[in-house]
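# A look at the structure
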Amino acid sequence: MATTSSIRGPFTRSARPVVAGRGAVAAPGLGLAAALAGTGTAFAHLVPGIGPLLGPAVTALLLGLAVGTGLRLLPGAGRARTEARLRPGVGLAAGVVLQCSVVLLGAQLSLAEVARVGWSSLPVMLGTLAVCLVGAALLGRLLGIDPELRLLIGCGTGICGASAIAAVSAVTRPRAAAVSYALATIFCFNIVAVLLYPPLGHLLGLSQADFGLFAGTAVNDTSSVVAAATSYGAEAGEHAVVVKLARSLMIVPICLALGLLVGRRNRTRSGVGSGVGSGVGSGVQPQAPLHRRAARLVPWFLVGFVLMAAIASTGLLSADLREAGSRLAGLGIAVALAGIGLGTDVAGLRRTGVRPFLLGAALWALVCLTSLALQLLW
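Once a new chain begins, its residue numbering starts again from 1 and follows that chain's sequence as written. Local features in a predicted model are, by the rule used here, given only for residues with pLDDT of at least 70; side-chain atom pairs are given and counted only at 80 or more, and totals for whole chains, interfaces and linings are based on all residues. Derived side-chain values reflect all non-hydrogen atoms in the structure, with water molecules and hydrogen atoms excluded from consideration.

## Section: the overall build of the chain
Test applied: Runs of H or I in DSSP of at least four residues are treated as helices and runs of E of at least two as strands, each being numbered from the N terminus. Using a 1.4 Å probe on the protein chains alone, a residue whose accessible area is under 20% of its type maximum counts as buried, one over 50% counts as exposed, and one in between counts as partly exposed. In what follows, a contact means two residues having at least one pair of non-hydrogen atoms within 4.5 Å.
Each helix and strand in the chain was counted, giving 16 helices and 0 strands. A buried classification covers 49% of the 378 residues belonging to the chain. A fraction of 83% describes how many contacts in the chain between residues 6 or more apart in sequence connect residues 24 or more apart.

## Points about the pattern of salt bridges
In plain terms, the rule: Between Lys or Arg on one side and Asp or Glu on the other, a salt bridge is scored when a side-chain nitrogen of the former is within 4 Å of a carboxyl oxygen of the latter.
The full count for this structure, using the stated rule, is 1 salt bridge. The salt bridge partner of R327 is E323, with a shortest N-O separation of 3.1 Å. Of the two residues, R327 and E323 both sit in helix α14 (residues 319–342), 4 residues apart, roughly one turn of that helix. For E323, a relative accessible area of 40% gives the class partly exposed.

## Overview of the packing of aromatic side chains
To keep things clear, this is the line we draw: Any two rings among Phe, Tyr and Trp, with Trp reduced to its six-membered ring, count as a pair given centres within 6.5 Å; such a pair is stacked if its planes are under 30 degrees apart, edge-to-face if over 60, and tilted if neither.
Scanning the entire structure with this criterion turns up 6 aromatic pairs. Ring geometry for Y197 and F214: centres 4.7 Å apart, planes at 40°, overall tilted. Remark: F214 occurs in helix α8 (residues 208–218) and Y197 occurs in helix α7 (residues 176–204); sequence separation between them is 17 residues. On the basis of relative accessible area, Y197 is assigned to the buried category, the value being 0%. When the ring of F211 is compared with that of Y232, the centres are 4.0 Å apart and the planes differ by 10°; the resulting orientation is stacked. Remark: Y232 occurs in helix α9 (residues 222–232) and F211 occurs in helix α8; sequence separation between them is 21 residues. One exposure class covers both F211 and Y232, and it is buried. Ring pairing ties together the aromatic residues F189, Y197, F211, F214, Y232, F357 and W364, which thus form one cluster.

## Thoughts on unusual backbone geometry
Although it is not a glycine, R173 adopts a positive phi angle of roughly 55°. By the element assignment, R173 lies in the loop between α6 (147–172) and α7.

## Some words on the packing of helix α3 (residues 76–105) against helix α13 (residues 300–313)
Cut-off, in case you're wondering: In this analysis, axes come from line fits to C-alpha atoms, helices being fitted only over the stretch in contact, and the angle between any two N-to-C directions falls in the range 0 to 180 degrees. Roughly parallel means an angle under 35 degrees; roughly antiparallel, over 145; roughly perpendicular, 65 to 115; everything else is oblique. Put simply, a crossing is left-handed when the front helix is turned counterclockwise from the back one by less than a right angle, and right-handed when it is turned clockwise. Each residue gets one of three labels, nonpolar for Ala, Val, Leu, Ile, Met, Phe, Trp, Tyr, Cys and Pro, charged for Asp, Glu, Lys and Arg, and polar for the others, Gly among them.
Direction vectors running N to C along α3 and α13 enclose 25°, while the axes themselves pass 7 Å from each other. For the element pair α3 / α13, the angle class is roughly parallel. Our pair here, α3 against α13, has a crossing hand that is right-handed. Packed against α3, whose contacting residues are Q99, C100, V102, V103 and L105, the element α13 presents W300, F301, L302, G304, F305 and M308 at the interface. Of the residues assigned to the contact of α3 with α13, the class counts are 9 nonpolar, 2 polar and no charged.

## Some words on the layout of surface pockets
For clarity, the cut-off: Using a grid of 1 Å spacing that covers the protein atoms alone, one calls a set of points a cavity when a 1.4 Å probe fits there but cannot get out, and a pocket when the set is open and has protein on both sides within 12 Å along at least five of seven lines; lining residues are those with an atom within 4 Å of a point. Grid points are joined across faces, edges and corners, and a volume is the space filled by probe spheres set on the points.
Put simply, the second largest pocket is a space of about 540 Å³. The set of elements that each furnish at least two residues to the lining of the second largest pocket consists of α1 (23–46), α2 (50–71), α9 and α14. Looking at the lining of the second largest pocket element by element, the count peaks at 8 residues for α14.

## Examining the confidence of the model for the chain
The following threshold applies: For every residue, the pLDDT score states the predictor's confidence, bounded by 0 at the bottom and 100 at the top.
Confidence in the prediction of the chain, expressed as mean pLDDT, is 79, and 82% of residues score 70 or more. In the predicted structure, residues 1–8 sits below a pLDDT of 50 and forms 44 contacts with residues beyond four places in sequence or in another chain. A low-confidence stretch, residues 272–285 (pLDDT under 50), is modelled with 16 contacts involving residues beyond four sequence positions or located in other chains.

## Here's the deal with the side chain of T59
With respect to the secondary-structure elements, T59 resides in helix α2. Aside from chain neighbours lying at most four places away, what touches T59 is G40, F43 and L54.

## Side note on the nonpolar core
Selection criterion: The nonpolar core is taken to be a set of buried Ala, Val, Leu, Ile, Met, Phe, Trp, Tyr and Cys residues, with the residues joined through side-chain atoms within 4.5 Å.
Of all hydrophobic cores here, the largest spans 44 residues; its most connected members are L152, I159, V168, Y197, F211, F214 and I251. Secondary-structure elements contributing two or more residues to this core are α5 (122–142), α6, α7, α8, α9, α10 (234–248), α11 (251–270) and α16 (354–377). When residues of this core are assigned to their parent elements, the largest contribution, 10 residues, is made by α6. If we skip the residues at most four places from it in the chain, F214 touches Y197, L200, L206, V219, C368, S371, L372 and Q375. The next biggest cluster of nonpolar side chains, apart from the first, holds 35 residues, and it includes L109, V124, I333 and I340.

## A short note on the packing of α9 against α10
At a minimum axis separation of 7 Å, α9 and α10 run at an interaxial angle of 155°. Judged on the interaxial angle alone, α10 and α9 are roughly antiparallel. Classified by chirality, the crossing of α10 by α9 is right-handed. Contacts between α9 and α10 involve T222, V225, V226, A229, T230 and Y232 from the former and A236, G237, A240, V241 and K244 from the latter. For the contact of α9 with α10, the class distribution of residues is 7 nonpolar, 3 polar and 1 charged.

## Concerning the environment of F301
With respect to the helices and strands, the residue F301 is situated in helix α13. Note: C-alpha distance between F301 and C100 (201 residues apart in sequence) is 6.8 Å.

## Digging into α8
Counting buried residues in α8 gives 8 out of 11 residues, a clear majority hidden from the surface. Here α8 has its buried residues at F211, G212, L213, F214, A215, G216, T217 and A218.

Right, dumping it as structure tokens:
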């Protein structure tokens, strides 16, 4: 499943995980992302005031956005060569590096803490999801947005951003334009959340655990959740990833329910007994068993996070090793956010259109307010 909802620009399009033999190909883009992450880390530690407020990850993201936008202004031939050189490494930074960093964060928690944080977050998580999905249906209809687009924006905002959009799209098969609009809208407010939520948390006096719950339920993609929470504090980042884990699992029942609805609709249109969904006499390929399709919806790195927490629970990891893992995870997150910034087509955000943007803004505000209100009441 995807981990970011960036509008994929030429630097990330068709990026593939780098394996042995492709390391040299990935080096330019990954090296640039690492350099920006290093610059962002230095800025966060050396510049008083705004440096610690933004943190290394957010600073790296902003640097990536600025550099990526500048590179897209190069003349045609130079731009094409630069894109080709940077694309593999930028895709690696925004994908595998981020995912491995999330796994390393699991070493800071025990399974008991994972279970406790995940269970305690359920009321806030389910409340924000319900408000978001209902709001998407009602406000989307009021704004005249077609059902498939408001479903994508609603699931992306309420569950897990691009991951939810990708999973739902695999079930409902929407138009490509609807997927692009949904991704653009979600990513725009991910950036706003990463920049706005940490100062808002300080203004409201939220504790590390409270902000972790807030970020885990009110921010969409894993990259944005981790960026916002870790810039607030290490403990907030660890709590946010656990909440994000529980929240991401909600895509499984949502997609299973959508699959049943789509299957029923197809059977109704084609006639009962026509073989739709079975691949018999209908031209439709047979689908995998239900439990296998559900398992594919769970991101591997969230499973890895839980496994790392299980290893930490045994006491096999020393305090020094866990500290080193935490520092490495922070550096990896900064590299990933720089890669996401480099791969973001800012011009693509302007092509989204007004109505999807308004729906995304309304749902973003609803989820934010609902998360804070439920924490206050709970």
